[in-house]
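Survey of secondary and tertiary structure
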Amino acid sequence: MATSSSTSLPGTSFKVPPKPKPKPVNVFSNDGFFLERFQRSKKAGAEEDKRKAEEASRGRGDLMRDLSVSQAFVSSTSA
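Residues numbered from 1 in each chain as written. Predicted model: local features only at pLDDT ≥ 70, side-chain atom pairs only at ≥ 80, totals over all residues. Heavy atoms only, no water.

1. Considering the overall build of the protein
The condition is simple: Labels follow the DSSP assignment, with helices taken as runs of H or I lasting at least four residues and strands as runs of E lasting at least two, numbered in each case from the N terminus. Only protein chains enter the accessibility calculation, which uses a 1.4 Å probe; a residue whose area is less than 20% of its type maximum is buried, one above 50% is exposed, and one in between is partly exposed. Methods summary: accessible areas were calculated by the Shrake-Rupley approach with a probe of 1.4 Å, and residue burial reflects only the protein chains presented.
From N to C terminus, the protein includes 1 helix and 2 strands. Along the protein, helices and strands appear, N-terminal first, in the series β-β-α. For the protein, the proportion of its 79 residues judged to be buried stands at 0%. Summed over its atoms, the accessible surface of the protein is roughly 8000 Å², and 61% of this surface lies on carbon and sulfur atoms.

2. Thoughts on the confidence of the model for the protein
Parts of the model with low pLDDT should not have their predicted coordinates read in detail. Heads up, the condition is: pLDDT is a residue-level measure of predictor confidence that goes from 0 to 100.
Within the protein, residue pLDDT values average 76, and 62% of them lie at 70 or more. Of all secondary-structure elements in the protein, the lowest mean pLDDT belongs to strand β1 (residues 6-9), at 54, while helix α1 (residues 33-78) reaches the highest, 79.

3. Description of the pattern of salt bridges
Test applied: Whenever a carboxyl oxygen of Asp or Glu lies within 4 Å of a side-chain nitrogen of Lys or Arg, that contact is scored as a salt bridge.
Per the stated rule, a full pass over the model turns up 2 salt bridges. A salt bridge links Lys-52 to Glu-48; the nearest nitrogen and oxygen atoms lie 3.4 Å apart. Taken together, the residues span about one helical turn, with Lys-52 and Glu-48 both in helix α1 at a distance of 4 residues. Since its relative accessible area comes to 44%, Lys-52 is described here as partly exposed. You can call Glu-48 partly exposed: its relative accessible area is 37%. For Glu-55, the salt bridge identified is with Arg-51, shortest N-O distance 3.0 Å. Within this pair, Glu-55 and its partner Arg-51 are both found in helix α1, separated by 4 residues, close to a single helical turn. When its relative accessible area of 40% is taken as the criterion, Glu-55 is described as partly exposed.

Right under this line is the structure:
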């Protein structure tokens, strides 16, 4: 005999509610380790972003210097 999750009787129709899911097990202890690790990774990420920004600004400075040198060269050869 086959069973189904919905039952239909003459004049009545209802569904059997699904079983509730079991609660997940908490794998974290309350020792602060997760918070410390998160803060360290956040600090490391901020330092890396700062380093990248400094490298990018140095690169723009070199580009501006090269541009001014090439403009000076063009103006001296066109005169």
